[in-house]
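If you want the building blocks of each chain, they are given just below.
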Amino acid sequence: MSQETRDIILRLGRKFLWLILILVGLNILYRICWYGRDLKENCSLIQLSRKPVHEHADIIYLAESSNHSYDVHDTDTSHISQMLGRHFPNHRISSLTKDACHAGIYYDVLRNIPKKNDIQTVIVTVNLRSFSSEWIYSDLEVPLQKEQVFMKKAPALFKRMLIAFKAYNHWTENEREEIVRDGIKRQKLDFPYYFPYKNAAAWDKAIGSQDHLYNGQQVSMDTIVLTCHYIKSFAYQMSEDNPRVKDFDKIVKLCKRRGWRLVLHILPDNIDQIQALAGPDLVFLMKQNANYIVKRYGPQGVTVVNNQNIVRDRSFRDRDFPTEHYNQVGRQAIADAIAEQLEELDKAPSGKNNHRNN
Amino acid sequence: MLFNSIEFLIFFPIVTILFYLLPHKHRWILLLGASCFFYMWFIPKYIFILLVTIAIDYTAGILIERWQSNARQQKLCLIASIISTCLVLFVFKYLNFCSANLVALAQHFGWQHPAKALSIILPIGLSFHTFQSLSYVIEVYKGNQKAEHHFGYYSLYVMFYPQLVTGPIERPQNLLRQLHEEKALNYDNIANGLRLILFGLFLKMVVADNLGSYVDRVYAAPETFSSLDILLSMVFYAVQIYCDFFGYSSIALGCALAMGFTLIDNFRSPYMAESIQEFWRRWHISLSTWFRDYLYIPLGGNRVSIPRWVLNTLIVFTVCGIWHGANWTFVVWGFAHGLLLVLERPLRNVHLFDRVQSPTGRTFIRALNIVKTFIIVTLLWSIFRAPSFAQLSDLFTALFHNGLMPHTLHINLATGIALASFLALDILIRNSRFDQWCGQQKTPLRWTLYAFMIFAIIVLSSVEQYPFIYFQF
């Protein structure tokens, strides 16, 4: 290396050190003047993490829109968490609810709960739809990922830099659609009996290109579209490669580390409608996936409440898209099932965890 | 890969450091590999389209050189190369547009036209590298450039990552020559390159993106905004598109300069222009000179009769409009610029400026001309920005009818700072370039400016994603 080159490298090195000093100073300035405002405007999840501490909760209930959605005819519009609270008047229950949330977000919310807290039990909803490509790459995911950046453990200015340089998935609509299409193709299907479609995309395509369903019954285009949505949302087989499974694994470890009792409750889906539209094959897959959760996390000391089949068709609010939005009867049934399980747990000798199929 | 992405912040230093670590004979491999990686970050399969263009023009260049003694063969080869290169551009950029227009025309006359729209995404930067490829073949044909026999170097000329996606559109005499030269580590090049990158990021992320949020809101529903808001959004768009594109060009120049390569300056304070003609000498210089050299002059330039000159000018600007996008709004935008340039010609003979003697008077006239040109250009940008004439009509209807509506477009701190910085910088560097201007300042001022820009880029940049406007072209 020539002397001249060495001099240039030294000169650049000095400037680099200057730059680091400036960044340290700017980080302090940012923390004092802007960080709070940025969190307030762009990261509601942080506020959510602090909520159970402010409310001195001993049970926290993490959910997406299923918790608070209600039907216009409901006389009782209480959230599932509130209905659950009625079973435990001596406990303080805090719900951490954000629309379109999933295990990845729940993990970050739980991780950011301040060390000093009264929490004993964490109830996390398991939405089977959230394991499908349609949800993983949904357009609602981008704002959530942005919020997740703010929840990283890193200097404030560094986190803001990650936001500025879009260090999260920020697909355009075209890119996102392509990713979803690829994802649905990757939802491979392996039945223990003959099934004509190798993956969800092939199944979806077959249903989408005809005017009748599996039973030969002629139906409207809206019904076909709804069936296709069900197929894309539930025609997959859970495995440890699924990003949501990985997120739940992290939640389990975190709860163990922090000494919280973890209850996973599998949300009911409209099995009646799915059975009528897509047939028993899709129901088979859904049951298989729910069992996967039970078998994976039950032995790890997690209480799994399998509520997959406890809400009937008439208690589902939305008719044109697969959702987990229930009327008051549905919400009450879910709250009762979780409460029953919690009561059993309280009665059971310490350390013994159960799972329950409802 | 986007220049304003975290991936690029990692990619750029790695490539630059490796570039200086490698011996000269292996650098082209690194740069070509890096350029492919950079391009494939968007949609990998589109690299094959680029390879087709490269292969066509590489072969054409060699054949044209080989057939020096046969002018006819040379010309045929040139035409074949131009047609096939443009065909790729046509298929991906204009086929759906033509098809949609044919369908509309057929429907108008009551004919059946079974044309179906193709589901193709326009490969990013296709118009830019197509023009760069064409300039190579034409220069070889003209005898101004020797054909490049090394396929790797030629590919690198088309694919050189700093200017691959939105230019500047380089000429072989400038870039190809430099690619063969051995570049030594040079402090000034690195410092100036980094300054340009910082400046470009500031323009894009702080100025353009913050203004973009206002513009998008107004253009999405102009009927809900007051006339003042609409006027403001038009001005904002003029600043946004300039800072967006100038920002990208500055980063491109900076990345290349850090490795010792000098690219064409693409902008020279275009909003300081006193006429439309001057505006085009300052705006997107690499494109306007491309059209001048390869279309305007071959058509006869200005050494023709006035009617012919008018026709030439209108053709060049209309083609320039179409180059920007497959939409009638772009055609009209280009044609309007051409028309205004034609109308300016007789006015240029009115030597009002010469009759005014006092410096204050001259400055006043100059300022008046600058404002006049800015207003015209800004109004024309609204045609460019509108997705369709229906929406353009909505915009102008609201502009003339919503005068009494309350002003709702409130400018936040970030936007205020962005606008003020843009004005200050554009005036300060009007006769220079940011890196050169910055190099002349005293160290404390320079570092204060760096700190301000870094802080603004990180803290004041928009949390929303705004792709570079010229990516769609």
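See above for the structure.
Because the structure is predicted, anything quoted here is derived from the model rather than measured. (Residues numbered from 1 in each chain as written. Chains lettered and ligands numbered in written order. Predicted model: local features only at pLDDT ≥ 70, side-chain atom pairs only at ≥ 80, totals over all residues. Heavy atoms only, no water.)

**Thoughts on the overall build of chain B**
When you go through chain B residue by residue, the secondary structure sums to 20 helices and 0 strands. Relative to a compact globule of 473 residues, whose C-alpha radius of gyration would be 23 Å, chain B shows 23 Å and is just as compact. In terms of overall dimensions, chain B has C-alpha extents of about 70 × 70 × 55 Å along its principal axes. Considering only residue pairs separated by 6 or more positions, chain B has 77% of its internal contacts joining residues 24 or more positions apart. Taken as a whole, chain B presents about 20,600 Å² of accessible surface, with 67% of it coming from carbon and sulfur. For chain B, the centre of its 33 positive side-chain charges and the centre of its 24 negative side-chain charges are spaced 7 Å apart. (Helix = DSSP H or I, 4+ residues; strand = E, 2+ residues; numbered from the N terminus. Rg over C-alpha atoms; globule rule 2.2 N^0.38 Å. Contact = heavy atoms within 4.5 Å. Areas by Shrake-Rupley, 256 points an atom, 1.4 Å probe, with all protein chains shown as cover. Lys, Arg positive; Asp, Glu negative; His and termini not counted. Charge placed at Lys NZ, Arg CZ, Asp CG, Glu CD.)

**Focus on the nonpolar core**
The nonpolar side chains of a soluble globular protein tend to be buried with one another. One finds L282 of chain A together with W283 and W381 of chain B to be the most contacted residues of the largest nonpolar core, which totals 242 residues. A total of 19 residues in this core trace back to one element, the largest contributor, which is helix α10 (residues 227–258) of chain B. Apart from residues lying up to four places away in sequence, L282 of chain A is in contact with W203, Y230, I231, F234, A235 and I274 of chain A. Y61, I80, I123 and Y326 of chain A belong to the second-largest nonpolar core, a separate cluster that totals 20 residues. (Core = buried A, V, L, I, M, F, W, Y, C linked by side-chain atoms within 4.5 Å. Buried < 20%, exposed > 50% of the residue type's maximum accessible area, 1.4 Å probe, protein only.)

**Observations concerning the interface of chain A and chain B**
In this complex, chain A contributes 29 residues to the contact, which on the side of chain B involves 27 residues. In terms of surface lost to chain B, no three residues of chain A exceed R160, F165 and K166 of chain A, which account for 24% of the buried area on that side. Inspection of the region where chain A meets chain B yields 1 salt bridge. Between E178 of chain A and K45 of chain B there is a salt bridge, with its nearest N and O atoms 3.9 Å apart. (Buried area = accessible area lost by both parts, 1.4 Å probe. Salt bridge = Lys/Arg side-chain N within 4 Å of Asp/Glu carboxyl O.)

**Some thoughts on helix α20 (residues 443–460) of chain B**
Across its 18 residues, α20 of chain B extends 24 Å between first and last C-alpha, which sits within 8% of the 26 Å expected from 1.5 Å per residue. Three or more residues of α20 of chain B are buried, namely R446, W447, Y450, A451, M453, I454, F455, A456, I457, I458, V459 and L460 of chain B. Elements that come into contact with the buried residues of α20 of chain B comprise α1 (3–33) and α8 (156–164) of chain A together with α9 (187–220), α18 (413–428) and α19 (434–439) of chain B. (Expected span 1.5 Å × (residues − 1).)

**So, α9 of chain B**
Residues and elements named next belong to chain B. For α9, with 34 residues, the first-to-last C-alpha span of 47 Å sits near the 50 Å given by 1.5 Å per residue. Roughly 35° is the biggest bend found in α9, and it falls at A208. With 27 of 34 residues buried, α9 lies mostly within the body of the structure. In this structure N186 caps α9, since a side-chain oxygen of it lies 2.8 Å from the backbone nitrogen of D188. (Bend = angle between axes of the 7 residues up to and from the residue. Polar contact = N/O pair within 3.5 Å; in protein donor to acceptor, adjacent residues only side chain to side chain.)

**Quick look at the pairing of strand β3 (residues 121–126) of chain A**
All names here are of chain A. Burial runs high along β3: 6 of the 6 residues are buried. Residues T121, I123 and T125 line one face of β3 and the alternating positions V122, V124 and V126 line the opposite face, and both faces are buried. Bridge count between β3 and strand β4 (residues 261–266): 6 bridges; the pairing is parallel. Paired with V122 across the bridge in β4 is L262. (Pairing = 2+ DSSP bridges.)

**Topic: the side chain of N289 of chain A**
Within the secondary structure layout, N289 of chain A lies in helix α14 (residues 280–297). At 2.9 Å, the side chain of N289 of chain A forms a polar contact with the backbone oxygen of Y236 of chain A.

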